[in-house]
Amino acid sequence: MTPRPVVSVPLTWLYVPGDRPEVVVKALVSGADVVIVDLEDAVAADRKEYARSATAELLSEPPPVPVHVRVNALDTVYAEDDLKTLAPLPGLGALRLPKISAAADVVRVAERAAPADGGALPLHPLLESALGVERAYEIAAAHPSVQGIALGEADLRADLAVRDDRALDWPRSRVIVAARAAGLPSPAQSIHPDTKDLDGLARSCAHGRALGFLGRAAIHPRQLPVIERAYAPTAAEIESAEHIVEAATARPGAQALPTGHFIDPAILAQARRTLTLAHRAARS
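Cut-off values and rules
Residues numbered from 1 in each chain as written. Predicted model: local features only at pLDDT ≥ 70, side-chain atom pairs only at ≥ 80, totals over all residues. Heavy atoms only, no water. UniProt positions renumbered as here; feature names shortened; annotations may be inferred. Core = buried A, V, L, I, M, F, W, Y, C linked by side-chain atoms within 4.5 Å. Buried < 20%, exposed > 50% of the residue type's maximum accessible area, 1.4 Å probe, protein only. Helix = DSSP H or I, 4+ residues; strand = E, 2+ residues; numbered from the N terminus. Contact = heavy atoms within 4.5 Å. Expected span 1.5 Å × (residues − 1). Arc of directions from axis to C-beta. Salt bridge = Lys/Arg side-chain N within 4 Å of Asp/Glu carboxyl O. Pairing = 2+ DSSP bridges. Axes fitted to C-alpha atoms, helices over the stretch in contact; angles between N-to-C directions. Parallel < 35°, antiparallel > 145°, perpendicular 65-115°, else oblique. Left-handed = near helix turned anticlockwise from the far one by under 90°. Nonpolar A, V, L, I, M, F, W, Y, C, P; charged D, E, K, R; others polar.

The protein chain goes by CoA ester lyase in an unreviewed UniProt entry, where it is assigned to Streptomyces neyagawaensis. Its UniProt record, at the heading Cofactor (unreviewed entry), says of the protein chain: "Mg(2+)".

Next up, the structure:
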């Protein structure tokens, strides 16, 4: 299987159950930017050991796209074996840590899972409780190995006892701000649980993009093109960004365009980010 180029700005993150290696293999050629092998919620207790060994076999050599593994929660009997088995493997791109509510837990994993060559294994804590959201910045800034944070909205809904999706907008914004304050990429949006509701997925992605998310996790390949379209810049956004960059290149510093739009360093940075995403879409 020929590896495709690593996408510098991932927009799609596809979850697959670790105890179904045949599904994992299909996910690797699904077009997802990152495949997340799940050893936690998607795997029954009597399948945990098999899922771990199957995932270890898969990651014994580098896969064609980045693969992250969501290990079992740190307070379970499975977590230690997950970390011990997976951390040394050459094909592991990152660990996703579920139900994190304290920075100390992240530090413990970072020290426990440090590669023998002295490098750093990327970690992605998942915030799935009210306490985790309250400590979002502490967790995001807990250790240099943290490369991103994200919400686990299903567990958070249960913890907060909310039924209206709008009730999660404040925790979403809290996590987005915490990630950026810690110098991390904008988080990816949590999954849309109805795999057949593609119109609802598109509307939800548009809302998430407006909040400041970048990309989204998926649980079925049919969701990937919808997420890609929702988060890719529009033709109008690309044209505007090109004009801004051209004007700033010709005349550095703050200025007003003939259209009346004002350019300053923040506007220029946003325009460059838009063009980065546009170039990414063109390569895909």
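And the narrative resumes.
(A) Highlighting the nonpolar core. Ranked by internal contacts, the top residues of the largest apolar core, which has 61 residues, are Val35, Val37, Val69, Leu86, Leu95, Val109 and Ile149. Residue contributions to this core peak at five residues, all from helix H10 (residues 224-231). Not counting chain neighbours up to four residues away, the residues in contact with Val37 comprise Val16, Gly18, Val24, Thr55, Leu58, Val67, His68, Val69 and Arg70. By size, the runner-up hydrophobic cluster in this structure holds ten residues, among which are Leu257, Leu268, Ala271 and Leu275.

(B) Examining the environment of Ile244 more closely. Along the chain, Ile244 turns up in helix H11 (residues 235-250). Accessibility expressed as a relative area gives 12% for Ile244, which makes it buried. Expressed as a C-alpha distance, the spacing of Ile244 and Leu257, which sit 13 residues apart in the sequence, is 8.3 Å. Residues within four places of Ile244 in sequence aside, it is in contact with Leu257, Ile263, Ile267, Leu268 and Ala271.

(C) Summary view of helix H9 (residues 198-211). If you check H9, its first and last C-alpha atoms are 20 Å apart, about what 14 residues at 1.5 Å a residue would give, namely 20 Å. Of all the positions in H9, only Gly200, Leu201, Ser204, Cys205 and Gly208 are classed as buried. End-on view of H9: buried residues confined to an arc of 135°, all on one side of the axis. Along H9, the residues that are exposed and aim more than 90 degrees away from the buried face are Asp199, Arg203 and Ala210. Looking one or two residues beyond H9, the residue adopting positive phi is Gly212, at roughly 120°.

(D) Representation of the pattern of salt bridges within the structure. Within the structure shown, the criterion is met by 18 salt bridges. The salt bridge partner of Arg20 is Glu22, with a shortest N-O separation of 3.5 Å. Each of Asp38, Glu40, Asp41, Arg70, Lys99 and Asp155 takes part in a single network of salt bridges with overlapping partners.

(E) Structural context of the pairing of strand S5 (residues 123-127). The element S5 is largely enclosed, with a buried count of five among its five residues. Burial along S5 is two-sided: Leu123, Pro125 and Leu127 facing one way and His124 and Leu126 facing the other are all buried. Sheet analysis places strand S4 (residues 94-97) next to S5, joined by three bridges and oriented parallel. Its bridge partner being in S5, Leu97 is matched across the sheet by Pro125.

(F) Looking closely at the sheet that holds S5. In space, the seven strands of this open sheet follow the order S6-S5-S4-S3-S2-S1-S7, with parallel pairing throughout. The open sheet has two edge strands with one neighbour each: strand S6 (150-151) and strand S7 (216-218).

(G) Region of interest: helix H4 (residues 103-112). If you check which residues of H4 are buried, you get Val106, Val109 and Ala110. The buried side chains of H4 occupy one side of the element, clustering within an arc of 100° when seen end-on. Across H4 from its buried face, at more than 90 degrees, point the exposed residues Ala104 and Glu111.

(H) The packing of helix H2 (residues 48-58) against helix H3 (residues 79-86), seen in detail. Two elements in contact, H2 and H3, have axes separated by 10 Å at closest approach and are oriented at 15°. With respect to each other, H2 and H3 are oriented roughly parallel. In this structure, H2 crosses over H3, and the sense of that crossing is right-handed. Counting all contacts with H2, which are made through Arg52, Thr55 and Ala56, the residues of H3 involved are Asp81, Asp82, Thr85 and Leu86. Broken down by class, the residue content of the contact of H2 with H3 amounts to two nonpolar, two polar and three charged.

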